[in-house]
Amino acid sequence: MNSSASPTPASPSTAGDPRLERVLFVHAHPDDETITTGGTIAAMVEAGAAVTVVTCTRGELGEVIPDDLAALRADQAALAVHREGEIAAAMRDLGVDDHRFLGSAGARTPGLPERVYRDSGMVWRSDGVAGPTPDLHPAAFCAAEFGEVVSDLSAVVQSVRPTAIISYDEDGGYHHPDHVRANRVAVRAARLVGVPFFAIVAGAESAEGAEAEALAADETVLTTDTRHVAPRKLAALRDHRSQVEVVDLPGGRAGIRFPHGAVEPVTVRESFRFVPEPTVDEGDSEMARMTTGGRVVALVLALAAGAVFGTIGTVMHQSTITVAGSPFWSGLVLALLMSLTLLAGLRSVFGSRAMAGAAAVGLIGALVVLWQASPGGSILVPDNTPALVWLGGVFLICLVVLGWPRLRGPAAGGATAPRDAARTSAVEAQPADDKLDALPDAKGTPQT
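Residues numbered from 1 in each chain as written. Predicted model: local features only at pLDDT ≥ 70, side-chain atom pairs only at ≥ 80, totals over all residues. Heavy atoms only, no water.

Student: Please explain the environment of His82 as it appears in this structure.
Tutor: Here His82 shows up in helix H2 (residues 76–94). Separated by 24 residues in sequence, His82 and Arg58 place their C-alpha atoms 9.1 Å apart. Once residues lying within four places of it in the same chain are set aside, the contact partners of His82 are Leu69, Leu72 and Ser242. (Helix = DSSP H or I, 4+ residues; strand = E, 2+ residues; numbered from the N terminus. Contact = heavy atoms within 4.5 Å.)

Student: Mind showing me how you'd approach the nonpolar core here?
Tutor: What tends to happen in soluble globular proteins is that the nonpolar side chains get buried as a cluster. The biggest cluster of nonpolar side chains holds 54 residues, and the ones touching the most others in it are Leu24, Phe25, Leu102, Leu153, Ile165 and Phe197. Ala360, Leu363, Ile364 and Cys398 belong to the second-largest nonpolar core, a separate cluster that totals 27 residues. (Core = buried A, V, L, I, M, F, W, Y, C linked by side-chain atoms within 4.5 Å. Buried < 20%, exposed > 50% of the residue type's maximum accessible area, 1.4 Å probe, protein only.)

Student: Would you explain the sheet that holds strand S3 (residues 99–101) in this entry?
Tutor: The strands that make up a sheet pair up through hydrogen bonds in the backbone, lying either parallel or antiparallel. Overall, mixed pairing links the seven strands, which are arranged S3-S2-S1-S6-S7-S12-S8 in an open sheet. At either margin of the open sheet sits one strand with a lone partner, and together these are S3 and strand S8 (221–225). The average angle at which neighbouring strand axes cross in this sheet is 25°, direction not considered. Where strand S6 (residues 164–167) and strand S7 (residues 197–200) come together, three bridges link them in parallel fashion. Bridge pairing links Ser167 to Ala199 in S7. Across the sheet, helix H1 (residues 32–47) is in contact with strand S1 (22–27), strand S2 (50–55), S7, S8 and strand S12 (269–275); its angle to S1 comes to roughly 170°. The strands touched by H2 are S2 and S3; relative to S3, the strand with the most contacts, the crossing angle is about 160°. (Pairing = 2+ DSSP bridges. Axes fitted to C-alpha atoms, helices over the stretch in contact; angles between N-to-C directions.)

Student: Explain the environment of Asp169 to me, please; I cannot follow it from the model alone.
Tutor: Its location among the elements puts Asp169 in the loop between S6 and helix H4 (177–193). Taking the C-alpha atoms as reference, Asp169 lies 6.2 Å from Asn183; in sequence the two are 14 residues apart. Not counting chain neighbours up to four residues away, the residues in contact with Asp169 comprise Asn183, Ala199 and Ile200. Engagement of the side chain of Asp169 in a polar contact is seen with the backbone nitrogen of Gly173, the distance being 3.0 Å. (Polar contact = N/O pair within 3.5 Å; in protein donor to acceptor, adjacent residues only side chain to side chain.)

Student: Teacher, can you tell me more about the sheet that holds strand S9 (residues 245–248) here?
Tutor: Ordered by their spatial adjacency, three strands build an open sheet running S9-S10-S11, and the pairing between neighbours is antiparallel. Each of the sheet's edge strands pairs with one partner strand only, and the pair in question is S9 and strand S11 (263–265). On average, each strand axis in the sheet is inclined to that of its neighbour by 35°, with strand direction left out of account. Pairing geometry for S9 and strand S10 (residues 254–257), over four bridges, is antiparallel. Looking at the pairing, Glu245 lines up with Arg257 of S10.

Student: Honestly, the pattern of salt bridges in this entry has me stumped. Any pointers?
Tutor: A side chain with one charge may pair with a side chain of the opposite charge, provided their charged atoms come close. Scanning the model with the defined rule gives 13 salt bridges in all. Here Arg58 makes a salt bridge to Glu84, at a shortest N to O gap of 2.6 Å. Here Glu84 lies in helix H2 and Arg58 lies in the loop between S2 and H2, a separation of 26 residues in the sequence. Assessed through its relative accessible area of 8%, Arg58 is described here as buried. When its relative accessible area of 29% is taken as the criterion, Glu84 is described as partly exposed. Notably, a salt bridge pairs Asp218 with Arg273, separated by 3.2 Å at the nearest N-O pair. Placement of the pair is Asp218 in the loop between helix H5 (209–217) and S8 and Arg273 in strand S12, with a sequence separation of 55 residues. Connected through salt bridges with shared partners, the residues Arg108, Arg115, Glu148 and Asp152 form a single ionic network. (Salt bridge = Lys/Arg side-chain N within 4 Å of Asp/Glu carboxyl O.)

In structure tokens, the structure reads:
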């Protein structure tokens, strides 16, 4: 498959020679790519696949572990530069020669000046998961317009023509706002061109009991055995020494110590779930991605548009033309079509009943006001058949448009993830062994 090929159907893989695979990994901060997908990246590169890694921010708000780098703790700009160097070294150790920061050259919408998406930061909530920081920087990744971010990533997609895109699951692994935003952006970019999307399955290797059985039985989950490239992953982890520390664990395994003190084993099996279509609902619509002020303005404009359409339709619904010697209620037909187009268009574009509902209120409100001009009706809404059809038709249109379920077509190609197809994917670069008899130690040496 050459670079001019059309977008691939959204299926688990382009089964065949791994050298034909072009995989795009989308991550939030430097070090995320190595911690969660480093083994898969190295394995795919070794198998001959073309791998591109996009990092959305430079991790300016990351916590610095080693004391010899303590000066970086109070200097976000210097930390950003330092982490640029760390990820450059990690890319070399993983074998990646195509790494891009979102907003920079090669990962920016053509015609727009380059920009930096800053780390959005996070706080640990009382329930033990990450949450948004109360003082979001204006240039933060999560503060950027969603459409702009998607457009920038889409520029990478158009350049690379990936056969698969890999990023976080819906909750970003642990709810970090930048991880969640990266998921939304990667999913949208994948859907726009019909590229298969795979979500990282957090904690898959440590799953036990029923959870492990469910993962094993899930035909949409692919697992990469990365023991043969463990030294590469460990070397890349050490490159990110400002953020993580590689430590020895009991049994000869290697672990990662994070800034908040938690220690986790270095994963040697990385799992990904094929997501055939965006797992969104009405609450994750275009409206949900707007700021509060933007939603208020949009709803007010929709209300006003409904009132205008209702007024125009009321004025024109009695108009007729003569067709074959008989009157035809052209104004009524046009008024109903205008109303239907307005409500259906808002519902489809914004993916939410809120916008269409606001327009419906304005539309019906205009009809009620104009109809109540006098006790017996008004000159605009006389007591005749077209008026009754106009009033009844508007109410019917509102009920139908607001009542229909969310229209969600199948992913491109109508793809599913059959087990046989999944097993041939280049994502599963090396068949998994049932026994972990060669775990890496902290020095990258397989244990036999």
